[in-house]
Amino acid sequence: MSEQARNSHEVEVDQRDWETFRRLDTLTDHWWWRPGWRPDRHYYAWFLLFESDPDLLELVDECQRSLELPYLDLIPPDGIHMTVQGVGFTDEVTRTQVAEIAEQARAACAQAPPFSLSVGPLAGYSGGVFLRAAPWAPMLDLRARLQRAIGAVLGTDRVPDEPSRFRPHISVGYCNAAVPADELVDRVERLRKLPNREVTVDSIHLIEQRRDGHAYKWDIVEAVHLQQIPPKEEDTG
């Protein structure tokens, strides 16, 4: 996907966020405990998983080889993911409800065809670095379908607005200390020239997530496959 093919708003957001990151004085520690989180508490969420995508993992590896810094926790290949939609903490959502949400999601995604994402360029914020992903429209549609599935089981008032600032991205590393930002900004700027990679989204996973030191770990609970598009019949005229 060419840069011109991207939605102008998506390009504008990337440029605006890049300027904000470029002007940062200090990085922040990503690993503070968010509201509701604690070491013994797990969370259900919908993730896109990429551990079997060699092209994307090659791009991540190329970025990470230039980002080996003591204050940056790089994400291993089996941790590369995109958070799409939260569901709830495991002590607030039962396994029966999780299974029902997955069934609702399968019905909701039955008419959602697989789609491609262009991943890149590398970008950053005070707590880490990540790869952009576009176009946003099919991701927003998929997220809306998952939200409807959650609402059908838990009630619409219990559909989390999580992540609350949804801009499709794939994290590459998280900052673990408050340190000057200039070194990281310089390295990210050089890596922004790397070519984008294409990934195909044809399934999404409901996972049980936990924090393990300076890493996120999870177990797959359910998998939902998007509609498979049948091949076109040849016109024999």
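Calculation rules
Residues numbered from 1 in each chain as written. Predicted model: local features only at pLDDT ≥ 70, side-chain atom pairs only at ≥ 80, totals over all residues. Heavy atoms only, no water. Helix = DSSP H or I, 4+ residues; strand = E, 2+ residues; numbered from the N terminus. Rg over C-alpha atoms; globule rule 2.2 N^0.38 Å. Buried < 20%, exposed > 50% of the residue type's maximum accessible area, 1.4 Å probe, protein only. Contact = heavy atoms within 4.5 Å. Areas by Shrake-Rupley, 256 points an atom, 1.4 Å probe, with all protein chains shown as cover. Lys, Arg positive; Asp, Glu negative; His and termini not counted. Charge placed at Lys NZ, Arg CZ, Asp CG, Glu CD. Pairing = 2+ DSSP bridges. Axes fitted to C-alpha atoms, helices over the stretch in contact; angles between N-to-C directions. Parallel < 35°, antiparallel > 145°, perpendicular 65-115°, else oblique. Left-handed = near helix turned anticlockwise from the far one by under 90°. Nonpolar A, V, L, I, M, F, W, Y, C, P; charged D, E, K, R; others polar.

Caption draft 1: Quick peek at the overall build of the protein chain. Within the protein chain one finds 5 helices and 9 strands. Shown N-terminal to C-terminal, the secondary structure of the protein chain runs as helices and strands in the order α-β-α-β-β-α-β-β-α-β-α-β-β-β. A compact globule built from 237 residues would reach a C-alpha radius of gyration of about 18 Å, and the protein chain, at 19 Å, matches this within 12%. Each principal axis of the C-alpha atoms in the protein chain carries an extent, and together these give about 60 × 55 × 30 Å. Put simply, the protein chain has 237 residues, and 49% of those count as buried. A fraction of 83% describes how many contacts in the protein chain between residues 6 or more apart in sequence connect residues 24 or more apart. For the protein chain, the accessible area works out to roughly 12100 Å², and carbon and sulfur atoms hold 48% of it. Each charge sign in the protein chain was given a centre, from 26 positive and 39 negative side chains, and these centres are 4 Å apart.

Caption draft 2: Highlighting the sheet that holds strand β4 (residues 115-125). Ordered by their spatial adjacency, 5 strands build an open sheet running β2-β6-β5-β4-β7, and the pairing between neighbours is antiparallel. Each having just a single partner strand, β2 (72-74) and β7 (197-201) make up the two edges of the open sheet. Sheet twist, expressed as the average angle between the axes of neighbouring strands with direction ignored, equals 35°. The sheet strands contacting helix α2 (residues 54-65) are β2, β4, β5 (128-134), β6 (169-175) and β7, and the helix crosses β7 at an angle near 135°.

Caption draft 3: Spatial organisation of the pairing of β6. The element β6 is largely enclosed, with a buried count of 6 among its 7 residues. Pairing of β2 with β6 involves 3 bridges; the strand directions are antiparallel. Directly across from Leu74, in β6, lies its bridge partner Gly173. Relative to β6, β5 runs antiparallel, the two sharing 5 bridges. Residue pairing in the sheet places Gly128 in a bridge with Tyr174 of β6.

Caption draft 4: Layout of the packing of helix α3 (residues 95-108) against helix α4 (residues 137-154). Here α3 crosses α4 at 140°, and the two axes come no closer than 8 Å. The angle between the axes of α3 and α4 places the two elements in the oblique class. As α3 packs across α4, the resulting crossing turns out to be right-handed. The residues of α4 that touch α3, namely those facing Gln97, Glu100, Ile101, Gln104, Ala105 and Ala108, are Arg145, Leu146, Ala149, Ile150, Ala152, Val153 and Leu154. When grouped by side-chain class, the residues that make up the contact of α3 with α4 number 9 nonpolar, 2 polar and 2 charged.

Just geometry here; none of it tells us what the structure is for.
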